[in-house]
Amino acid sequence: MDKIKKLTQVIQPLVDYPYHTRVHKLKTFNTSTLDCYVKRDDELSFGVSGSKLRKYLSLIPYLLNNKIDTTILMGSSHSNNILSLSQLLIENAIEPHLFLLGDKSHSLKGNLLLTRLFVPEKNIHWISRQEWPSVEAIAQDYGRRLSEKHTYLIAEGASVLPALPGALTLALDILQNEQLIAKQFDHIFIDAGTGLIAIATILAFSWLRRDVLAHVLLLAEEEASFLQRLESFKLGFEKLIGEKLAMDFLIGRIRFYRPTKAKAFGSTNPTIFKTISRIAQQEGFLTDPIYSAKLFIEVPIIIEKQKLSGKALIIHSGGGLSLMGFQQQLIKQIIS
Ligand SMILES: *Cc1c(COP(=O)(O)O)cnc(C)c1O
């Protein structure tokens, strides 16, 4: 059977959230040897953070099929995953309990403000930085005490196996974009938090033997953690398709980068807001300060350093709702 058809089949059943997004050419990222396109995963949803909706395409059916009525989510107080997933859990009558890094004194703004709109205080548990390394054990213990409930623990960033089939839709959708524009991409630029979206895309392209270079910007983790996760999701992928994947083909087509500006995960600086403003004025879309703006800052540096040629696709992973927490920094771009 045709490999693309097979992949489409094994990742079913998915819920009918949108998962097709368009690609279009960029104006200010091309060089004399490279044409740059952007994939608009930011257009997948208003309330849910871009590519994350892909993970939930299979995660939500998994929870429903297993009669889960209570979930425990872990992450930072401004987590896109927690804000996004809470919405779909509530819609499906699955109660979210949040284990957040920090304490009650966090000011109610940005993503945390929106999260609080969805989740009542009684369901929010603050975990201090000292306790954070054992958050999973604490959450598990809490889950056991909800004994009459069917509970499921969702790791940071929803980087869990039931989210893999949904995450694989990105690769399939890129193939569809390529057919529509009658061009193939030689380079894909993608940002990584937990790395699941990048990993799923790399796994799918490797299995399809697509000769494309994945340029991965590691925003939250080191290369070693990414590779560890890749190894474990590779096993999950092999189980899905019932075939082994060649590791050398896989590894040979990934290049890793770390941000050169505001290096710590979640941190920002004036360069980032300048970039957000520049892209808005010159390209006509919003980027977020935690993920996508950092990617759009690094892409031209990478292109220039490696003198890349051919066709490139930058995945705009979304996340724009977090801009709500940065109004002062944005005002500075307008009134200086
Ligand atoms: C979560 C998120 C990512 C990273 O996704 P991972 O699968 O964890 O790597 C990238 N961009 C945005 C906007 C996100 O919300």
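Placed above this text is the structure.
Residues numbered from 1 in each chain as written. Predicted model: local features only at pLDDT ≥ 70, side-chain atom pairs only at ≥ 80, totals over all residues. Heavy atoms only, no water.

Any chance you could explain empty space enclosed by the protein here in plain terms?
Summary: where empty space remains is shown by rolling a probe the size of a single water molecule over the atoms. Taken as a whole and judged by the stated rule, the model has one cavity of 30 Å³ or more. Put simply, the largest cavity is a space of about 120 Å³. What lines the largest cavity is a set of 15 residues, and nearest its centre among them are T201, I202, F205, V212 and A214. Put simply, the parts of the chain that give the lining of the largest cavity at least two residues each are β7 (187-192), α8 (196-207), β8 (213-218) and α10 (247-251). If you tally residues by element for the lining of the largest cavity, the top one is α8, at five residues. For the lining of the largest cavity, the residue count by class is 11 nonpolar, two polar and two charged. (1 Å grid on protein atoms, 1.4 Å probe; cavity = no way out; pocket = protein on both sides within 12 Å on 5 of 7 lines; lining within 4 Å. Points joined across faces, edges and corners; volume = space filled by probe spheres on them. Helix = DSSP H or I, 4+ residues; strand = E, 2+ residues; numbered from the N terminus. Nonpolar A, V, L, I, M, F, W, Y, C, P; charged D, E, K, R; others polar.)

What is the right way to read the sheet that holds strand β6 (residues 151-154) from this model?
Sheet strands pair by backbone hydrogen bonding; their relative direction is either parallel or antiparallel. Read across the open sheet, the four strands follow the order β5-β4-β3-β6; overall the sheet is parallel. Strand pairing shows two members of the sheet lacking a second neighbour, β5 (124-127) and β6, which therefore form its edges. On average, each strand axis in the sheet is tilted by 20° relative to the strand beside it, whichever way the strands run. As defined by bridge partners, strand β4 (residues 95-101) adjoins β5 across four bridges and the pair is classed as parallel. (Pairing = 2+ DSSP bridges. Axes fitted to C-alpha atoms, helices over the stretch in contact; angles between N-to-C directions.)

Looking at this structure, how should I read the pairing of β7?
In summary, the side chains of a regular strand alternate between the two faces of the sheet. For β7, the tally of buried residues reaches six of six residues, placing the bulk of the element in the interior. The sheet contact formed by β7 and β8 spans six bridges and is parallel. Paired with I188 across the bridge in β8 is A214. The sheet contact formed by β7 and strand β10 (residues 310-316) spans three bridges and is parallel. In the sheet register, I188 faces β10, and the bridge partner there is L313. (Buried < 20%, exposed > 50% of the residue type's maximum accessible area, 1.4 Å probe, protein only.)

Is there a simple way to explain the packing of helix α11 (residues 270-283) against helix α12 (residues 292-306) in this structure?
For any two helices packed against each other, the geometry comes down to the angle between their axes and how far apart the axes lie. Closest axis-to-axis distance for the α11/α12 pair is 9 Å, and the angle between their directions is 85°. In this view, α11 runs roughly perpendicular relative to α12, as classed from their interaxial angle. Contacts between α11 and α12 involve T271, I272, T275, I276 and I279 from the first element and A293, K294, F296 and I297 from the second. Its residues assigned to classes, the contact of α11 with α12 comprises six nonpolar, two polar and one charged. (Parallel < 35°, antiparallel > 145°, perpendicular 65-115°, else oblique. Contact = heavy atoms within 4.5 Å.)

Even after reading the chapter, I still don't get the pattern of salt bridges, so can you show me in this structure?
Any two side chains of opposite charge can pair, on the condition that their charged atoms come close. Inspection of every chain in the model, using the stated rule, returns 19 salt bridges. Measuring nitrogen to oxygen at the nearest pair gives 3.5 Å for the salt bridge that ties K311 to D35. Of this pair, K311 sits in strand β10 while D35 sits in strand β2 (residues 34-40), placing them 276 residues apart in sequence. For D35, a relative accessible area of 23% translates into the label partly exposed. Where R40 meets D42, a salt bridge forms, and the shortest distance between an N and an O atom there is 2.9 Å. Relative accessible area serves as the criterion here: at 8%, R40 is assigned to the buried category. Since its relative accessible area comes to 18%, D42 is described here as buried. Three or more residues are tied together by salt bridges with common partners; here these are R22, R40, D42 and E43. (Salt bridge = Lys/Arg side-chain N within 4 Å of Asp/Glu carboxyl O.)

Even after reading the chapter, I still don't get the nonpolar core, so can you show me in this structure?
Where a protein is soluble and globular, its nonpolar side chains tend to be buried together. Residues L7, Y56, L59, V216 and F237 are the most contacted members of the largest nonpolar core, which totals 68 residues. Here the element with the most residues in this core is α8; it accounts for 10 residues. Counting the residues that make up this core, at least three belong to each of domain 1 (3-51 + 162-335) and domain 2 (53-160). The residues touching L59, leaving out its near neighbours within four places in the chain, are L85, Y152, I154, A158, V160, P162 and A163. Counting residues in hydrophobic clusters, the runner-up holds 29 residues, among them A262, I276, A293 and F326. (Core = buried A, V, L, I, M, F, W, Y, C linked by side-chain atoms within 4.5 Å. Domains from an automatic or database assignment.)

The values reported here are purely geometric and, on their own, carry no functional implication.
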